[in-house]
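# Chain and residue survey
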Amino acid sequence: MKVHKAIPSLITSGNLVCGTFAIFLAFSNNLEFAVYFVLLASVFDFFDGFAARKLNAVSEFGKQLDSLADLISFGFAPSAMIYVFIENNEILPKNFSYLSILLVLFAAYRLAKFNTDKSQTTEFKGLATPGMALFIMGIVYPKSLGFISTEQIFLNKFFIIASLIILPVLMVSNIRFFSFKITNFCFKNIVWQLVLLIFGIILLIIFGINGLAYLIILYLALSILKNLTTKKTI
């Protein structure tokens, strides 16, 4: 194997290592740094695919390794984080925190579905696992770095239960979510991504890292709106 062909897999391994550290940190009650490591894992996740395309090193091995890394970083890690968050804050009755296992189970199903569905090239069918992870990170991050704190919303048991039910459903749904895999930079082709980026920055300024949860809600709303408007023009 040529050396450059191994670079994408090495980057993917960085994703896997970060996700593993995030799990260790979560179970050590260090949710803040667990969030940082999952964020770092998402950076590796972006660049492994980018590197594979640029180096012409796309392979079936790389795709499978990427999915396994994603299951750890964006499936198991957020599941562990929300479990610890619920337990620490005594949000739900005893043993109800085990509902968090739904996230990793449905993340595995989502990734298997993605791997066998060749239509998901420029769009995702169902919420991608990194999106679910970002939502969970927004909930569990222990510090409010923005101008407004929404801690009481995230500590509400009905909000948590709804999240643990709705997120798995979204991951395996047929709702089409637009992606940032942009091949044509014509304005009309990237308008949805630009709207999400602009308002996402505003949300992060207002709410800090907790704004990631609101960012994913906005992403869902914009994706549904895009689907509705696209149907109307056909």
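Here the structure is a predicted model, which means the values were calculated and not measured. (Residues numbered from 1 in each chain as written. Predicted model: local features only at pLDDT ≥ 70, side-chain atom pairs only at ≥ 80, totals over all residues. Heavy atoms only, no water.)

## Considerations on the overall build of the chain
When its secondary structure is counted, the chain shows nine helices and two strands. Taken from N to C terminus, the helices and strands of the chain fall in the order α-α-α-α-β-α-α-α-β-α-α. Out of the 234 residues in the chain, the part that is buried amounts to 44%. Contacts in the chain between residues at least 24 apart in sequence constitute 78% of all its contacts with a sequence separation of at least 6. (Helix = DSSP H or I, 4+ residues; strand = E, 2+ residues; numbered from the N terminus. Buried < 20%, exposed > 50% of the residue type's maximum accessible area, 1.4 Å probe, protein only. Contact = heavy atoms within 4.5 Å.)

## Quick word on the nonpolar core
Of all hydrophobic cores here, the largest spans 53 residues; its most connected members are Met 81, Ile 82, Leu 127, Ile 139, Val 140 and Ile 160. It is helix H3 (residues 60-89) that contributes the most residues to this core, eight residues altogether. If sequence neighbours within four positions are ignored, Ile 82 has contacts with Ser 100, Leu 103, Ile 136, Ile 139, Val 140, Ile 160 and Leu 164. (Core = buried A, V, L, I, M, F, W, Y, C linked by side-chain atoms within 4.5 Å.)

## Considerations on the environment of Leu 65
Here Leu 65 shows up in helix H3. On a C-alpha basis, the gap between Leu 65 and Thr 12 in space is 7.2 Å, while along the polypeptide they are 53 residues apart. For Leu 65, the residues in contact, after removing those within four places along its chain, are Ser 9, Thr 12 and Ser 13.

## What about a nonpolar patch on the surface?
A contiguous nonpolar patch, built from Leu 194, Leu 197, Ile 198, Phe 199, Ile 201, Ile 202 and Ile 205 and spanning about 620 Å² of accessible area, is present on the exposed surface. Within the element layout of this structure, Ile 205 appears in helix H8 (residues 187-207). Relative accessible area serves as the criterion here: at 49%, Ile 205 is assigned to the partly exposed category. (Patch = residues over 30% accessible without salt bridge, like charges linked within 9 Å, V, L, I, M, F, W, Y side chains within 5 Å. Areas by Shrake-Rupley, 256 points an atom, 1.4 Å probe, with all protein chains shown as cover. Salt bridge = Lys/Arg side-chain N within 4 Å of Asp/Glu carboxyl O.)

## Some thoughts on the pattern of salt bridges
Two side chains with opposite charge may pair up if their charged atoms get near one another. Per the counting criterion, the structure on display carries one salt bridge. Across the pair Glu 123 and Lys 226 runs a salt bridge whose closest N-O atoms are separated by 3.1 Å. You can see Glu 123 sitting in strand E1 (residues 123-125) and its partner Lys 226 sitting in helix H9 (residues 211-233), a full 103 residues away along the chain. Given a relative accessible area of 19%, Lys 226 falls into the buried group.

## Here we look at the packing of helix H4 (residues 101-116) against helix H5 (residues 129-140)
Following both chains from N to C, one finds H4 and H5 inclined at 155°, their axes separated by 10 Å at the closest point. Taken together, the axis directions place H4 and H5 in an arrangement best described as roughly antiparallel. When H4 is examined against H5, the residues Leu 103, Ala 107, Arg 110 and Leu 111 are found in contact with a partner set consisting of Thr 129, Met 132 and Ile 136. Tallied by class, the residues present in the contact of H4 with H5 amount to five nonpolar, one polar and one charged. (Axes fitted to C-alpha atoms, helices over the stretch in contact; angles between N-to-C directions. Parallel < 35°, antiparallel > 145°, perpendicular 65-115°, else oblique. Nonpolar A, V, L, I, M, F, W, Y, C, P; charged D, E, K, R; others polar.)

## A few points about the packing of aromatic side chains
What describes a pair of aromatic rings is the distance from one ring centre to the other and the angle between the planes of the rings. Overall, the coordinates contain 14 aromatic pairs when judged by the stated rule. Pairing Phe 135 with Phe 159 gives two aromatic rings, centres 6.2 Å apart and planes at 25°, and the pair type is stacked. Of this pair, Phe 135 sits in helix H5 while Phe 159 is found in helix H7 (residues 157-171), placing the two residues 24 residues apart along the sequence. Exposure remark for Phe 135: the relative accessible area of 7% places this residue in the buried category. With a centroid separation of 5.2 Å and an interplanar angle of 85°, the aromatic rings of Phe 178 and Tyr 219 are classed as edge-to-face. (Phe/Tyr/Trp six-rings, centres within 6.5 Å; stacked < 30°, edge-to-face > 60°.)

## Thoughts on H4
With 16 residues, H4 ought to run about 22 Å at 1.5 Å a step, and its terminal C-alpha atoms sit 23 Å apart, in line with that. Where H4 is concerned, the buried positions are Leu 103, Val 104, Ala 107, Arg 110, Leu 111 and Lys 113. Where H4 is buried, its residues contact H3, E1, H5 and H7. (Expected span 1.5 Å × (residues − 1).)

## Let's talk about unusual backbone geometry
The phi dihedral of Asn 29 is positive, around 65°, even though this residue is not glycine. Relative to the assigned elements, Asn 29 resides in the loop between helix H1 (3-27) and helix H2 (31-54). A relative accessible area of 51% means that Asn 29 is categorised as exposed. Of note in the backbone geometry, Asn 95 takes a positive phi value of approximately 75° without being a glycine. Relative to the helices and strands, Asn 95 resides in the loop between H3 and H4.

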